[in-house]
Each structure stands twice: as C-alpha cells, then as structure tokens.
Amino acid sequence: MSAGTETLPPPNEPGAFESLCLDLWKEIWRDPGAQKNGRRGQPQAGVDVYGQQDGRWVGVQCKQKDGQLRSKVTVKELEREVSEALTFKPKLTAFILATSGPTDGKVQQRARELTDQHRAKGLFTVEVWSWEKIWHEMYGRRALLKRIQPTYWPTIGLKPEVEQLTFKKAVTILVAYIALISAVSFLLDRKSTRLNSS
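Heads up: these notes are all about the structure in this document. (Residues numbered from 1 in each chain as written. Predicted model: local features only at pLDDT ≥ 70, side-chain atom pairs only at ≥ 80, totals over all residues. Heavy atoms only, no water.)

Quick notes on the overall build of the protein chain
Then comes step 1: For the protein chain, the count of helices and strands is six helices and five strands.
Then comes step 2: Starting at the N terminus and walking to the C terminus, you meet the elements of the protein chain as α-β-β-β-α-β-α-β-α-α-α.
Then comes step 3: When the 198 residues of the protein chain are sorted by exposure, 38% land in the buried category.
Then comes step 4: For the protein chain, long-range pairs separated by at least 24 residues make up 66% of all intrachain contacts whose partners lie at least 6 apart in sequence. (Helix = DSSP H or I, 4+ residues; strand = E, 2+ residues; numbered from the N terminus. Buried < 20%, exposed > 50% of the residue type's maximum accessible area, 1.4 Å probe, protein only. Contact = heavy atoms within 4.5 Å.)

Observations regarding helix 2 (residues 75-85)
One turn of an α-helix holds 3.6 residues; hence residues three or four places apart share an orientation.
Then comes step 1: Within the span of helix 2, buried status applies to Glu77, Leu78, Glu81, Val82 and Ala85. Looking straight down helix 2, one finds that the buried residues subtend no more than 130° of arc, so they occupy a single side.
Then comes step 2: Looking at the packing, one finds that the buried side of helix 2 touches strand 3 (56-63), strand 4 (94-99), helix 3 (105-121) and strand 5 (125-129). (Arc of directions from axis to C-beta.)

Description of the pattern of salt bridges
Then comes step 1: Evaluated as defined, the whole model comprises eight salt bridges.
Then comes step 2: Residue Glu27 pairs with Arg141 through a salt bridge whose shortest N-O separation is 3.7 Å. Here Arg141 lies in the loop between helix 4 (131-139) and helix 5 (142-152) and Glu27 lies in helix 1 (residues 14-29), a separation of 114 residues in the sequence.
Then comes step 3: On the basis of relative accessibility, which here comes to 29%, the residue Glu27 falls in the partly exposed class.
Then comes step 4: What makes Arg141 partly exposed here is its relative accessible area of 23%.
Then comes step 5: Three or more residues are tied together by salt bridges with common partners; here these are Glu27, Glu137, Arg141 and Arg147. (Salt bridge = Lys/Arg side-chain N within 4 Å of Asp/Glu carboxyl O.)

Quick word on the environment of Cys62
Then comes step 1: As for its placement among the helices and strands, Cys62 is situated in strand 3.
Then comes step 2: For the pair Cys62 and Phe17, spaced 45 residues apart in sequence, the C-alpha separation works out to 7.2 Å.
Then comes step 3: Setting aside residues no more than four positions away along its own chain, Cys62 makes contact with Phe17, Glu18, Cys21, Asp48, Val49 and Ala98.

Remarks on the packing of aromatic side chains
Then comes step 1: Using the criterion set out here, one finds 10 aromatic pairs in the structure.
Then comes step 2: Centroid distance Trp25 to Trp129: 4.9 Å. Interplanar angle 55°. Geometry classified as tilted. Taken together, the positions of Trp25 in helix 1 and Trp129 in strand 5 put the pair 104 residues apart, joining distant regions of the chain.
Then comes step 3: Since its relative accessible area comes to 7%, Trp129 is described here as buried.
Then comes step 4: Geometrically, the ring pair formed by Trp135 and Tyr139 is tilted, given 5.7 Å between the ring centres and 50° between the ring planes. Of this pair, Trp135 and Tyr139 both sit in helix 4, separated by four residues, roughly a single helical turn.
Then comes step 5: Residue classification places Trp135 among the buried residues on the basis of a relative accessible area of 2%.
Then comes step 6: When its relative accessible area of 11% is taken as the criterion, Tyr139 is described as buried.
Then comes step 7: Seen from the ring of Trp129, Lys133 lies directly overhead, with NZ or CZ sitting 4.4 Å from the centre. (Phe/Tyr/Trp six-rings, centres within 6.5 Å; stacked < 30°, edge-to-face > 60°. Lys NZ or Arg CZ within 6 Å of the ring centre and 35° of its normal.)

A word on the pairing of strand 5
Then comes step 1: In this sheet, strand 5 lies alongside strand 4 in parallel orientation, the contact comprising five bridges. Looking across to strand 5, one finds that Ile96 is bridged to Glu127.
Then comes step 2: Where the polypeptide runs from strand 4 across helix 3 and back to strand 5, its parallel neighbour, the crossover connection is right-handed. (Pairing = 2+ DSSP bridges. Right-handed = clockwise from strand over helix to strand, strands pointing away.)

What follows is the structure in structure tokens.
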C-alpha cells in the first residue's frame, strides 16, 4: 500500500482540520509544545498553529475547504494570509498554508515568488500544502496515523501494512524449512531402524 493508493478524506469541519494539522506539525517540527493560536473569533495574525522547529518560530494557516475538488485556495487568499502572518509575534521563519483542497499550480508559484521576495528582506519562507501533500506526510508517519485515525476517521479503518518478503527473509525461511525436513527425516529414519531391530 502507498499514500497514492490508500487515501482518507480530509476532515470536513474547520476545527477538526486545524486539530489534525496540529497533530501533524507537532511531529514534523518535533515540538510537543506546538499549539493552536488563540481561539475561534480572536485575531490570529494569519496563524492557526504555531511551534518551533530547530529553535525558530514557524506557523501554519489551516484552510479547510468543502471537499477536495469543489473549492481551492486562491492566490488572493494566500497573499492575504501571508500579509497577516507578517504581524505574528515573535517573527516567523516559515509560514505554511495548509489546505484540505487540491494542489493549485498558480498558488504554488505565488508561494515560491513570495519566498524569494521575503528572503531578500529577511522574512519567512512561504509554502502551500494541499491535502495530497498533507496525506502523503501523514501516511509516512504510520504511528501518528494509527494514533489519530480513530479521532478523525472513526468509521474507516486503515489497511494493515503488507510485509514484503525480502531475499534475505526468503533464504532464512528456506534454510529453516530444510532444517525442519532434515530433522523430521532423521527422526523417521531412527524410528524405522528401531522398528526393524525389534
């Protein structure tokens, strides 16, 4: 199984999507102190989830869209959120707009352009993560995925990991099988010898 063949849908509720992003970025940043920024209705300076990665402040703006294909993040939305994130205190070194929607090439291009502009000014980098990228990152973290699956997808189970048989394992199994056959053959020969002597 791979992230491309086994995909779960994003949460359809904005609060749940934010919580899922918090769970994921705590792992990515290796920051158990990462948290949601304020509460719903409060000004958030363009950041829903924040934490530290390698001692630097990083932030995520979560954009839950109504279904993967029905709506997507726009360039204007990205620019607005980046502009707001410039007011986040302390200063960010990286900003990620995470969306439950699909990947959009124009939005990704604008994120790269903003990153180049920001670097020249000593400001944060800008990335856009679609549901496909978020899912791929979660899928690669099987322990996290198994832990959060009951919370976000309680009625959908994950397919068990299929252990691939490597050449070394195949040889080990073959050697064990040959040893077993030899032992059984030895015991049968011994029993046959005893019966013939009696």
